[in-house]
Amino acid sequence: MGGVRRVKRAFSEEDVSSWLTIAEKATRFVAIFMALMLVVSLCRGEQRGDGAGDMASLKRTTMTMMMKRPCDEIYVVREGETLQTISEKCDDPYIVEENPHIHDPDDVFPGLVIKITPFKYR
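Since the structure is predicted, the reported quantities are computational estimates derived from the model, not experimental observations.

Thresholds, definitions, all that
- Residues numbered from 1 in each chain as written.
- Predicted model: local features only at pLDDT ≥ 70, side-chain atom pairs only at ≥ 80, totals over all residues.
- Heavy atoms only, no water.
- Helix = DSSP H or I, 4+ residues; strand = E, 2+ residues; numbered from the N terminus.
- Buried < 20%, exposed > 50% of the residue type's maximum accessible area, 1.4 Å probe, protein only.
- Contact = heavy atoms within 4.5 Å.
- Areas by Shrake-Rupley, 256 points an atom, 1.4 Å probe, with all protein chains shown as cover.
- Core = buried A, V, L, I, M, F, W, Y, C linked by side-chain atoms within 4.5 Å.
- Disulfide = S-S within 2.5 Å.
- Patch = residues over 30% accessible without salt bridge, like charges linked within 9 Å, V, L, I, M, F, W, Y side chains within 5 Å.
- Salt bridge = Lys/Arg side-chain N within 4 Å of Asp/Glu carboxyl O.
- pLDDT = per-residue confidence, 0-100.

Regarding its fold elements, the chain presents four helices and two strands. For the chain, the sequential pattern of α-helices and β-strands runs α-α-β-α-α-β. Here the chain, with 122 residues, has 17% of them falling under the buried criterion. Here the analysis covers contacts within the chain between residues at least 6 apart in sequence; of these, 49% occur between residues at least 24 apart. For the chain, the exposed area adds up to about 10600 Å²; of that, 61% sits on carbon and sulfur atoms.

Structure, rendered in structure tokens:
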């Protein structure tokens, strides 16, 4: 019968070795490229003179962004917050119902991750 013969070809050690060499070079290139991009971005921040290259400026920018948008869909509880204050701040009166992992509304601690759905999006 005229069937199709299938030939299974295994890779030789030479093939594997050459591919590993190429992968190692590519990895090295990507690491060097990323390091250069980091250095360039830091230098550009210092050249502008606005302090964009320092950590304090980054923290201020982050805090400003958080003030403009106080509640994301995923919210991390901060020190001194209660479900009541978060509910008022984020306009979500159903926090307990949406977060089944909160068994006791009084047991809220910094670092707790909760789901927020502002009332205007319901």
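Grouped together as the largest cluster of nonpolar side chains are 12 residues: Cys71, Tyr75, Val77, Leu83, Ile86, Cys90, Ile95, Ile102, Val108, Leu112, Ile114 and Ile116. Here this core takes three residues from helix α3 (residues 83–90), the largest share from any one element.

So, on to the state of the cysteines. Enumeration according to the criterion identifies one disulfide in this entry. In this model Cys71 forms its disulfide with Cys90; the gap between the sulfur atoms is 1.7 Å. Given an S-S torsion of about -75 degrees, the disulfide between Cys71 and Cys90 has left-handed geometry. Separated by 19 residues along the polypeptide, Cys71 in the loop between α2 (55–68) and β1 (74–76) and Cys90 in helix α3 bring together distant segments of the chain. Each member of the pair, Cys71 together with Cys90, is buried.

A contiguous nonpolar surface patch, about 550 Å² in accessible area, is contributed by Phe29, Val30, Phe33, Met34 and Met37. Examined against the element boundaries, Phe29 turns out to sit in helix α1 (residues 13–48).

In regions of low pLDDT, the predicted coordinates are not meant to be interpreted in detail. For the chain, mean pLDDT is 78; residues scoring 70 or higher make up 70% of the total. For the chain, the element scoring lowest by mean pLDDT is α2, at 63; strand β2 (residues 113–115) scores highest, at 93.

Per the stated rule, a full pass over the model turns up one salt bridge. The salt bridge partner of Glu81 is Lys89, with a shortest N-O separation of 3.6 Å. Of the residues examined, Lys89 reaches a relative accessible area of 35% and is grouped as partly exposed.

Now for the environment of Ile95. Along the chain, Ile95 turns up in helix α4 (residues 95–98). Along the backbone, Ile95 and Lys115 are 20 residues apart, and their C-alpha atoms lie at a distance of 7.2 Å. Once residues within four sequence positions are removed from consideration, Ile95 is found in contact with Leu83, Ile86, Ser87, Ile102, Ile114 and Ile116.

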